[in-house]
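Residue-level structural notes
Residues per chain are reported as follows:
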Amino acid sequence: MRGLLAIAWGAARREPGAFVRWRSSAGLAGGLAVLLAVSLFVASADAVIWTRSHLELRTLCSSRDQLVERLCDELSYSPFPTDLQQSLTTNLAALLELQSRLEALPRPLGHQGSWMLQGASRALSAPYRRLAVWLPYSLIVFALARALGSRAGLPQVLGASALYVLPHILDPLRLLPGPGPAIVPLTTIWGAAIYARAIQVASGLDAPRALLAVLLPTLVAVTVSVGAVSVAAVVF
Amino acid sequence: MLPIPALVGFVPRALLFDGDVYLEIKSRPRAGREGARFLLVLGTALGLAGTLSAIVAWATTPDLADVRRVLAQELATLPLLQRLGPSAPQPVALAASPWLWAAARWLFPTPLLALARLPAVPAGLFLAWLAHSLLAHVAACLLGGRGRLSATLGCLALAEAPRALLLVPLLPPLGLAHFGIWAWVLAARFQAIRAAHALEGWRAFWATLLPALASGVLSALAVGVALLAALAGVR
């Protein structure tokens, strides 16, 4: 266990040797275990906060009011005209009011039991949400790496790339006042850097080709999205 | 015939992309039947887990009739929809569409409907496996594969093993999060086809992807036709 933690710490610092040692010790099973553990840890913290806020109705109402106020403040710095700003704020308030009415509806288990079970379910579904992003993307990166000359196997590449999730263990710190809002962007960038190094080491490709394999799916997705939005803007 | 525990023992190896597990099932004289037994067990377990999850979801969410009533009352008063002018009635009428709520009732059933829906899970899994395996077998043979149909059926049955990850209690409806499981199954199907037909990498890739794309297009067409029918009914 201590050895695995040392390897994981080395991977978090993007040491190439750590990914090689991870492949021969923990491999894909270890990578999936890390993904599961970190996802559950972060989601459990969120689930506790979500459940508490729903159990304390006053807290929920005030947090929704704060959301509307925050949107109003942020829009005041935007270039949008005043009537559009007011319309966006009014619509958000109306949607949150609709959400409140739907949440106030009776349910068989009662509100308390329902919120607690739903909080637990939210935490349980977190690993699946992370899997839905990591696995398809990594499969595409693997296919690209193979096309660029890699001879690595799928379990090797997936096992190493799963370690991108390590910095996200710090995500619950985003709730701290002050540095809180900077935590998630930092852990995301750190995780992406770990991912790129893991793909490079596991696939055996040189840095430029490994970077191409990692970035190409994102670039294609962004290009297609921008194109679709542009076409929609022209049509409508 | 392999005992059920031995079949279930293949699941962890299939999940970790151990290619040898597909060669083991391929070597069985009645690989197709072994695969069908595996799917029956998996499908029944998924049906039971899905029923339990549906009952928990029913107990923790408002009744759909109440949700429909609130939406029918409140949607028309939303400022955004009022600004849409003449086209505003469309979203409100769509929200009141009986087809939409019948589909929602199927997705978020009462306990009785969840129990009635249970046999549909193994039956649906079996039929989907059969259809996909036949398409994949044809695609693999066209790309130079040399496998028997029985081997294709057996290996592709084992490729459904990642769905066992849905056997977690209290799991809510996952929606788009299913995409991860689907991707895992697709990767397993690639290994299965490669093992069953002794195909090299890129041929096995296309033999896996083409049937998946065909199924995806057909499903999207079916959903599109259903939505158009619902919209036509609304008008």
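Just so it is clear, the structure is predicted and the values come from calculations on it, not from any experiment. (Residues numbered from 1 in each chain as written. Chains lettered and ligands numbered in written order. Predicted model: local features only at pLDDT ≥ 70, side-chain atom pairs only at ≥ 80, totals over all residues. Heavy atoms only, no water.)

1. Quick notes on the overall build of chain B
The helix and strand inventory of chain B stands at twelve helices and zero strands. In sequence order, the secondary structure elements of chain B are arranged as α-α-α-α-α-α-α-α-α-α-α-α. Across its three principal axes, chain B shows a C-alpha extent of roughly 65 × 35 × 25 Å. Across the 235 residues of chain B, 42% fall into the buried class. Taking contacts inside chain B between residues at least 6 apart in sequence as the whole, the part at least 24 apart equals 74%. Surface accessibility of chain B: about 11800 Å² in total, with carbon and sulfur atoms responsible for 74%. Of the side-chain charges in chain B, 18 are positive and 9 negative, and the distance between the mean point of each set is 7 Å. (Helix = DSSP H or I, 4+ residues; strand = E, 2+ residues; numbered from the N terminus. Buried < 20%, exposed > 50% of the residue type's maximum accessible area, 1.4 Å probe, protein only. Contact = heavy atoms within 4.5 Å. Areas by Shrake-Rupley, 256 points an atom, 1.4 Å probe, with all protein chains shown as cover. Lys, Arg positive; Asp, Glu negative; His and termini not counted. Charge placed at Lys NZ, Arg CZ, Asp CG, Glu CD.)

2. So, the overall build of chain A
Regarding its fold elements, chain A presents nine helices and zero strands. Helices and strands in chain A line up, N terminus first, as α-α-α-α-α-α-α-α-α. The dimensions of chain A, computed from C-alpha atoms along their principal axes, are 55 × 50 × 35 Å. Taking as baseline every contact in chain A between residues at least 6 positions apart, the subset at least 24 positions apart corresponds to 66%.

3. Thoughts on the environment of A:Leu102
Note on placement: A:Leu102 falls in helix H5 (residues 82-103). When residues no more than four places from it in sequence are discounted, the contact partners of A:Leu102 are A:Arg107, B:Pro62, B:Val67, B:Val70 and B:Leu71.

4. Here's the deal with a negative patch on the surface
Residues and elements named next belong to chain A. Side chains of Asp65, Glu69, Asp73 and Glu74 sit close together on the surface and give a patch of like negative charge. Take Glu74: it is sitting in helix H4 (residues 57-76). The exposure class assigned to Glu74 is exposed, which follows from its relative accessible area of 52%. (Patch = residues over 30% accessible without salt bridge, like charges linked within 9 Å, V, L, I, M, F, W, Y side chains within 5 Å. Salt bridge = Lys/Arg side-chain N within 4 Å of Asp/Glu carboxyl O.)

5. Re the side chain of A:Thr51
Secondary-structure assignment places A:Thr51 in helix H3 (residues 27-55). Of the polar contacts made by the side chain of A:Thr51, one reaches the backbone oxygen of A:Ala47; its length is 2.7 Å. (Polar contact = N/O pair within 3.5 Å; in protein donor to acceptor, adjacent residues only side chain to side chain.)

6. Observations concerning the pattern of salt bridges
Residue and element names in this part refer to chain B. Scanning the entire structure with this criterion turns up twelve salt bridges over all chains. A salt bridge links Arg28 to Glu34, with the shortest nitrogen-to-oxygen separation between them at 3.5 Å. The exposure class assigned to Glu34 is buried, which follows from its relative accessible area of 2%. Here Arg163 ties to Glu160 by a salt bridge, and the two come within 2.6 Å at their closest N and O atoms.

7. Here's the deal with the confidence of the model for chain A
Averaged over every residue, the pLDDT of chain A is 87; the share at 70 or more is 97%. No element of chain A has a lower mean pLDDT than H4(A), which averages 74, and none a higher one than helix H7 (residues 154-161) of chain A, which averages 92. (pLDDT = per-residue confidence, 0-100.)

8. What to know about the confidence of the model for chain B
If pLDDT is low for a region, its predicted coordinates should not be looked at in detail. Residue and element names in this part refer to chain B. Of the residues in chain B, 91% have a pLDDT of 70 or more, and the chain-wide mean is 85. Within chain B, helix H10 (residues 149-158) carries the highest mean pLDDT (94), whereas helix H6 (residues 89-95) carries the lowest (60). This prediction of the complex comes with two scores: 0.85 for pTM and 0.84 for ipTM.

9. Considering the interface of chain B and chain A
It is common to give the size of an interface as the accessible area lost on bringing the parts into contact. With 39 residues of chain B in contact, the opposing surface of chain A contributes 34 residues. Interface of chain B and chain A: buried area, both sides summed, is about 3100 Å²; carbon and sulfur atoms make up 77% of it. Interface area lost by chain B to chain A is led by B:Leu16, B:Phe17 and B:Thr60, which between them contribute 17%. At the surface where chain B touches chain A, the tally comes to four residue pairs in polar contact (both at pLDDT 80 or more). Of all the secondary structure elements, the ones that give two or more residues to the side of chain B that touches chain A are helix H3 (31-60), helix H4 (64-74), helix H5 (79-83) and helix H11 (178-197) of chain B. Take the side of chain B that touches chain A: its biggest share by element is seven residues, from H4(B). Residues belonging to the side of chain B that touches chain A are distributed by class as follows: 30 nonpolar, four polar and five charged. (Buried area = accessible area lost by both parts, 1.4 Å probe. Nonpolar A, V, L, I, M, F, W, Y, C, P; charged D, E, K, R; others polar.)

10. Observations concerning helix H9 (residues 207-235) of chain A
Residue and element names in this part refer to chain A. A rise of 1.5 Å per residue sets the reference length of H9, with its 29 residues, at 42 Å; its end C-alpha atoms lie 42 Å apart and thus fit the reference within 8%. The largest bend along H9 measures about 40° and falls at Leu215, with the proline Pro217 one to four residues further on. For H9, the full list of buried residues reads Ala210, Ala213, Val214 and Pro217. Check the buried side of H9 and you find it contacts helix H6 (110-147) and helix H8 (180-203). (Expected span 1.5 Å × (residues − 1). Bend = angle between axes of the 7 residues up to and from the residue.)

11. Remarks on the packing of helix H9 (residues 120-142) of chain B against H11(B)
Residue and element names in this part refer to chain B. Relative orientation of the contacting elements H9 and H11 amounts to 55°, with a least axis distance of 11 Å. Classified by the interaxial angle, the pair formed by H9 and H11 is oblique. Handedness of the H9/H11 crossing: right-handed. Where H9 approaches H11, its residues His132, Ala136, His137, Ala140 and Cys141 are matched on the opposing element by Arg189, Ile193 and His197. A class-by-class count of the residues in the contact of H9 with H11 yields four nonpolar, three polar and one charged. (Axes fitted to C-alpha atoms, helices over the stretch in contact; angles between N-to-C directions. Parallel < 35°, antiparallel > 145°, perpendicular 65-115°, else oblique. Left-handed = near helix turned anticlockwise from the far one by under 90°.)

12. Some words on the packing of aromatic side chains
All names here are of chain B. Overall, the coordinates contain eight aromatic pairs over all chains when judged by the stated rule. Note on Phe17 and Trp184: the rings are 6.3 Å apart at their centroids and 25° apart in plane angle, and the pair reads as stacked. Of this pair, Phe17 sits in the loop between helix H1 (4-15) and helix H2 (20-26) while Trp184 sits in helix H11, placing them 167 residues apart in sequence. For the residue pair Phe17 and Trp184, the accessibility class agrees, reading buried in each case. (Phe/Tyr/Trp six-rings, centres within 6.5 Å; stacked < 30°, edge-to-face > 60°.)

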